[in-house]
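Residue-level structure breakdown
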Amino acid sequence: MSSVKISPLKDSEAFQSIKVGNNTLQTKIVYPPTTRFRALEDHTPSDLQLQYYGDRSTFPGTLLITEGTFVSPQASGYEGAPGIWTDKHAKAWKVITDKVHANGSFISTQFWFLGRVADPAVMKTRGLNPVSASVTYESDAAKEAAEAVGNPVRALTTQEIKDLVYKTYTNAAQKAMDAGFDYIELHAAHGYLLDQFLQPCTNQRTDEYGGSIENRARLILELVDHLSTIVGADKIGIRISPWATFQNMKAHKDTAHPLTTFSYLVHELQQRADKGQGIAYISVVEPRVSGILDVSEEDQAGDNEFVSKIWKGVILKAGNYSYDAPTFTTLKEDIADKRTLVGFSRYFTSNPNLVWKLRDGIDLVPYDRDTFYGDSNYGYNTYSMAPEEVDKELEIKRLASAIEVL
């Protein structure tokens, strides 16, 4: 894979300031959530992540959003992803947010709850079931894997859902504030728990959290409303993926068309904004990209224009903006409204100084997908080094260690 030629964006809308919540960003280029699995065994962020986020925040006024961060043990199910439910987690994250703030930038944490796609074997070692809105599986293979280890998906009870709002997410929000985060982002995209409640292909409940659109959106809106009293609405973001088929979500195949489901949700958020309780931003995954996989023709089924027609606040769009380099025509069209942020993930991994490069038109270093989900420093922080300085064997041996907390 060769380097990517780009034209400078320094004179474009990409480098005009924008207010997001109560903070003013100096660029509309954002680092969106990008899972990279470099946390410690107990889900505490590591020294590798400290360097990683620090290196990507050097252009003052940049917004970084962390990789998906588990809000509780029940929310987990993957090794190597960070958490935000203990004091230990919060203290380690505080070192990272302090570094980002020292660079003059801002950072949001993405609240992640896997739900039915949690690894049943990992969850069994913790004495927990994968849970969801209903007993459904991503695939027949996923069902067989759960049955093979004797750890099937379980539907959450109504009381457990209330506890998610008033205990689990509340605790995570309080820990996030202790950790110094500027925002929290609710991950309601890509087939994870909040998306599982929202979409009828995974929500077959008959109580107040299932059935109608209003009921399926209830959990998300209760979270927004309650967390607004904890951290303030202006510190909350949400990520949605109306058209994604990743993890066998079938939005555009369901009887409830995504325009109906997601328009209702966005409309409800706008109604809150009209009453002075507007959240900081809505992050929407463009149909050009689906999860961690390359986009397919099936994933290009829709158009997210409806979001900007309903929502009058800040929008973050992410999805393959590098494909029309060097001119970035799509990016320029999207930010022309002066309220849209644009996210780069893969090229932000291989170019820690991406914002500077986009501003000045400096070629982008290609990424190596094979190193994305490893556990070593190689292919993670080695992009901050000159190629001739990288000792591959040494960096592969360098694994995550604890952050020194003063």
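About the criteria used
Residues numbered from 1 in each chain as written. Predicted model: local features only at pLDDT ≥ 70, side-chain atom pairs only at ≥ 80, totals over all residues. Heavy atoms only, no water. UniProt positions renumbered as here; feature names shortened; annotations may be inferred. Axes fitted to C-alpha atoms, helices over the stretch in contact; angles between N-to-C directions. Helix = DSSP H or I, 4+ residues; strand = E, 2+ residues; numbered from the N terminus. Parallel < 35°, antiparallel > 145°, perpendicular 65-115°, else oblique. Left-handed = near helix turned anticlockwise from the far one by under 90°. Contact = heavy atoms within 4.5 Å. Core = buried A, V, L, I, M, F, W, Y, C linked by side-chain atoms within 4.5 Å. Buried < 20%, exposed > 50% of the residue type's maximum accessible area, 1.4 Å probe, protein only. Pairing = 2+ DSSP bridges. Phe/Tyr/Trp six-rings, centres within 6.5 Å; stacked < 30°, edge-to-face > 60°. Expected span 1.5 Å × (residues − 1). Polar contact = N/O pair within 3.5 Å; in protein donor to acceptor, adjacent residues only side chain to side chain.

The protein chain appears in an unreviewed UniProt entry as Probable NADPH dehydrogenase from Scheffersomyces stipitis. The Cofactor (unreviewed entry) field of the UniProt record for the protein chain holds the comment "FMN". Regarding the protein chain, the relevant UniProt record gives this comment under Function (unreviewed entry): "Oxidoreductase that binds mammalian estrogens with high affinity."

Let's shift gears to the packing of helix H8 (residues 218-231) against helix H9 (residues 258-274). For the pair H8 and H9, the least separation of the axes is 11 Å and the interaxial angle reads 20 degrees. With respect to each other, H8 and H9 are oriented roughly parallel. The interaxial crossing formed by H8 with H9 has right-handed handedness. Contacts between H8 and H9 involve Ile220, Leu221, Val224 and Asp225 on the former and, on the latter, Tyr264, Leu265, Glu268, Leu269 and Arg272.

This next bit is on the nonpolar core. Within the largest apolar cluster, 96 residues are counted, with the highest numbers of intra-cluster contacts made by Phe111, Tyr169 and Ile238. Contact partners of Phe111, with chain neighbours within four places excluded, come to Thr69, Val71, Ile84, Tyr169, Ala172, Ala173, Ala176, Ile184, Glu185, Leu186 and His187.

A separate point is the pairing of strand E8 (residues 183-188). The buried fraction of E8 is high, at 6 of 6 residues. Two elements, strand E5 (residues 106-112) and E8, share 4 bridges in a ladder whose sense is parallel. The partner of Thr109 across the bridge, within E8, is Ile184. Judged from the 5 bridges that link them, E8 and strand E9 (residues 236-240) form a sheet pairing that is parallel. Bridge assignment links His187 to a residue of E9, and that residue is Arg239.

Across the junction of Ala325 and Pro326, the peptide omega takes the value 10 degrees, indicating a cis bond. Along the chain, Pro326 turns up in the loop between strand E11 (315-318) and helix H11 (329-335). At Phe37, a position not held by glycine, the phi torsion is positive, near 55 degrees. Looking at the secondary structure, you find Phe37 in the loop between strand E3 (29-31) and helix H1 (47-55). Even without being a glycine, His43 presents a positive backbone phi close to 75 degrees.

We now examine the pairing of E5. Most of E5 sits inside the fold, with 7 of its 7 residues counted as buried. Neither face of E5 is left uncovered, since the one carrying Phe106, Ser108, Gln110 and Trp112 and the one carrying Ile107, Thr109 and Phe111 both have all their residues buried. When strand E4 (residues 63-70) meets E5, the two strands line up parallel, connected through 6 bridges. Of the residues in E5, the one forming a bridge with Thr69 is Phe111.

Okay, the packing of aromatic side chains next. In total, this model carries 20 aromatic pairs according to the counting rule given. Here the aromatic rings of Phe70 and Trp112 are separated by 5.0 Å at their centres, their planes lie at 15 degrees, and the arrangement is stacked. Of the two residues, Phe70 sits in strand E4 while Trp112 sits in strand E5, which places them 42 residues apart along the sequence. Their ring planes at 65 degrees and their centres at 5.7 Å tell us that Tyr78 and Trp112 sit as a pair that is edge-to-face. On the criterion of sequence distance, the pair formed by Tyr78 in the loop between E4 and helix H2 (87-102) and Trp112 in strand E5 is long-range, its members being 34 residues apart. Each member of the pair Tyr78 and Trp112 is classed as buried. Following the ring pairs from residue to residue traces out a cluster consisting of Phe37, Phe70, Tyr78, Trp112, Tyr192, Tyr347, Tyr367, Phe372 and Tyr373.

Pairing in this closed barrel of 8 strands is parallel, and the strands run E3-E4-E5-E8-E9-E10-E11-E12 around the ring. Ignoring strand direction, the axes of neighbouring strands in this sheet form an average angle of 25 degrees. In the sheet, strand E10 (residues 281-285) pairs with E11 via 4 bridges, with the strands oriented parallel. Within E11, the residue paired with Ile282 across the bridge is Ile315. Those strands touched by helix H5 (residues 158-178) are E5 and E8, and its axis lies near 160 degrees from that of E5.

The next subject is H8. Between its first and last C-alpha atoms H8 spans 20 Å; for 14 residues at 1.5 Å apiece the expected length is 20 Å, and the two agree. With 10 of its 14 residues buried, H8 lies for the most part within the structure. Residues of H8 that are buried include every one of Leu219, Ile220, Leu221, Glu222, Leu223, Val224, His226, Leu227, Ser228 and Val231, and no others. Elements in contact with the buried residues of H8: H5, E8, helix H6 (193-198), E9 and H9. Just downstream of H8, Gly232 is the residue with a positive phi angle, here 100 degrees.

A few words now on the side chain of Asn203. Among the secondary structure elements, Asn203 is positioned in the loop between H6 and helix H7 (213-216). Classification of Asn203 as buried rests on a relative accessible area of 5%. Among the polar contacts made by the side chain of Asn203, one reaches the main-chain carbonyl oxygen of Tyr209 at a distance of 2.8 Å.

Taken as a whole, H1 has its buried residues at Leu48, Gln49, Tyr52, Tyr53 and Gly54. Two to three positions downstream of the cap, the backbone nitrogen of Leu48 sits 3.2 Å from a side-chain oxygen, assigning the N-cap of H1 to Ser46.

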